Amino acid sequence: MRPGAAATRGGAGEERALTSVAAGDRYRAAEADGDEGALGAGPEDLPRLWHVTLSVSGADADLKELRRALEQLAHDHPFLLTSRYAADHAEIRYWEEARDLHDAAAVALRLWGEHRQTAGLPAWEIVGLEVVDRQTYHQRIAEGYGPAPAAPVGVHPF
């Protein structure tokens, strides 16, 4: 989702509104003023950032076409950090904004299929998914384990 955008996602008969990262800034400001009630929601109802690693694999694909498709996916999904790819598998890492882990994982599990036609992605299956909150991601990096921060950002071969 683009910063400043809002979306509504329904699930099990309920609708949830997701807002931009700016909601977090509003929450921190209200918390600093001691006025959490000013936002009309507790911190558990506000969107958070989740670091997502999605792994996909399948039959060999043309590397030039695969790179082009991943670059299109990065264009279509603005929070995409990095993609690594080989002829038969790829890994996509990005930040997702969602209220909880369930919402972030649900979006991640739909990402490849929903963008398959528009980006021209191969008909691969999802073979791995990791979703961790921002604090856990940064704690792993600080302690020297976990995947290194995505640098350089972009689409790269393994």
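Residues numbered from 1 in each chain as written. Predicted model: local features only at pLDDT ≥ 70, side-chain atom pairs only at ≥ 80, totals over all residues. Heavy atoms only, no water.

Student: Go over the overall build of the chain with me, naming the residues and quoting the values.
Tutor: Regarding its fold elements, the chain presents four helices and seven strands. Moving toward the C terminus, one meets the helices and strands of the chain in the order β-β-α-β-α-β-β-α-β-α-β. Considering only intrachain contacts with a sequence separation of at least 6, the fraction spanning at least 24 residues in the chain is 68%. Counting only carbon and sulfur atoms, one obtains 51% of the accessible surface of the chain, whose full area is about 8800 Å². (Helix = DSSP H or I, 4+ residues; strand = E, 2+ residues; numbered from the N terminus. Contact = heavy atoms within 4.5 Å. Areas by Shrake-Rupley, 256 points an atom, 1.4 Å probe, with all protein chains shown as cover.)

Student: Mind laying out the pairing of strand E4 (residues 80-86), listing which residues take part and the relevant values?
Tutor: For E4, a buried count of six out of seven residues is recorded, marking the element as mostly surrounded by other parts of the structure. Hairpin connection between E4 and strand E5 (residues 89-98): a loop of two residues separates the two successive antiparallel strands. Sheet topology note: the E4/strand E7 (residues 154-157) ladder contains four bridges and is parallel. In the strand pairing of E7, Arg84 is matched with His156. (Buried < 20%, exposed > 50% of the residue type's maximum accessible area, 1.4 Å probe, protein only. Pairing = 2+ DSSP bridges.)

Student: Tell me what's going on with the pairing of E5, and back it up with residues and numbers.
Tutor: For E5, a buried count of nine out of 10 residues is recorded, marking the element as mostly surrounded by other parts of the structure. Here strand E3 (residues 48-57) runs beside E5; their pairing, made up of 10 bridges, is antiparallel. Directly across from His51, in E5, lies its bridge partner Trp95. For E4 and E5, the ladder comprises six bridges, and the chain directions are antiparallel. The residue bridging Ala86 from the neighbouring strand is His89, located in E5.

Student: Outline the nonpolar core, listing residues and values.
Tutor: Grouped together as the largest cluster of nonpolar side chains are 24 residues, with contacts concentrated most on Leu70, Leu73, Ile92, Tyr94, Trp112 and Leu121. If you list the elements that add at least two residues to this core, you get E3, helix H2 (63-76), E4, E5 and helix H3 (101-119). At six residues, the largest contribution of residues to this core is made by H3. Residues within four places of Tyr94 in sequence aside, it is in contact with Trp50, His51, Val52, His77, Phe79, Leu80, Leu81, Ala108 and Leu111. (Core = buried A, V, L, I, M, F, W, Y, C linked by side-chain atoms within 4.5 Å.)

Student: How would you sum up the packing of H2 against H3? Please name residues and give values.
Tutor: Between H2 and H3, the least distance of the axes is 10 Å, while the angle of their chain directions is 110°. For the element pair H2 / H3, the angle class is roughly perpendicular. Note that H2 runs across H3; the crossing there is right-handed. Where H2 abuts H3, its residues Arg68, Ala69, Leu70, Gln72, Leu73 and Asp76 lie against Leu111, Trp112, His115, Thr118 and Ala119. In terms of residue class, the contact of H2 with H3 is built from six nonpolar, three polar and two charged. (Axes fitted to C-alpha atoms, helices over the stretch in contact; angles between N-to-C directions. Parallel < 35°, antiparallel > 145°, perpendicular 65-115°, else oblique. Left-handed = near helix turned anticlockwise from the far one by under 90°. Nonpolar A, V, L, I, M, F, W, Y, C, P; charged D, E, K, R; others polar.)

Student: Give me the pattern of salt bridges: which residues, what numbers.
Tutor: Tallied over the entire structure, the rule returns seven salt bridges. In this structure, Arg99 engages Asp100 in a salt bridge whose closest nitrogen and oxygen atoms are separated by 3.8 Å. Owing to a relative accessible area of 23%, Arg99 belongs among the partly exposed residues under this scheme. As a salt-bridge pair, Arg110 and Glu114 come within 3.1 Å of each other at their nearest N and O atoms. Taken together, the residues span about one helical turn, with Arg110 and Glu114 both in helix H3 at a distance of four residues. (Salt bridge = Lys/Arg side-chain N within 4 Å of Asp/Glu carboxyl O.)

Student: Can you break down the sheet that holds strand E6 (residues 125-133) residue by residue, with the values?
Tutor: Pairing is mixed across the open sheet formed by five strands, whose spatial order is E6-E3-E5-E4-E7. Only two strands of the sheet have a single neighbouring strand rather than two, namely E6 and E7. Ignoring which end each strand starts from, the neighbouring axes of this sheet average 20° apart. Where H3 meets the sheet, it contacts E3, E5 and E6, and its direction lies at approximately 150° from that of E6. Lying on the sheet, helix H4 (residues 134-142) is in contact with E3, E5 and E6; it crosses E6 at an angle near 90°.

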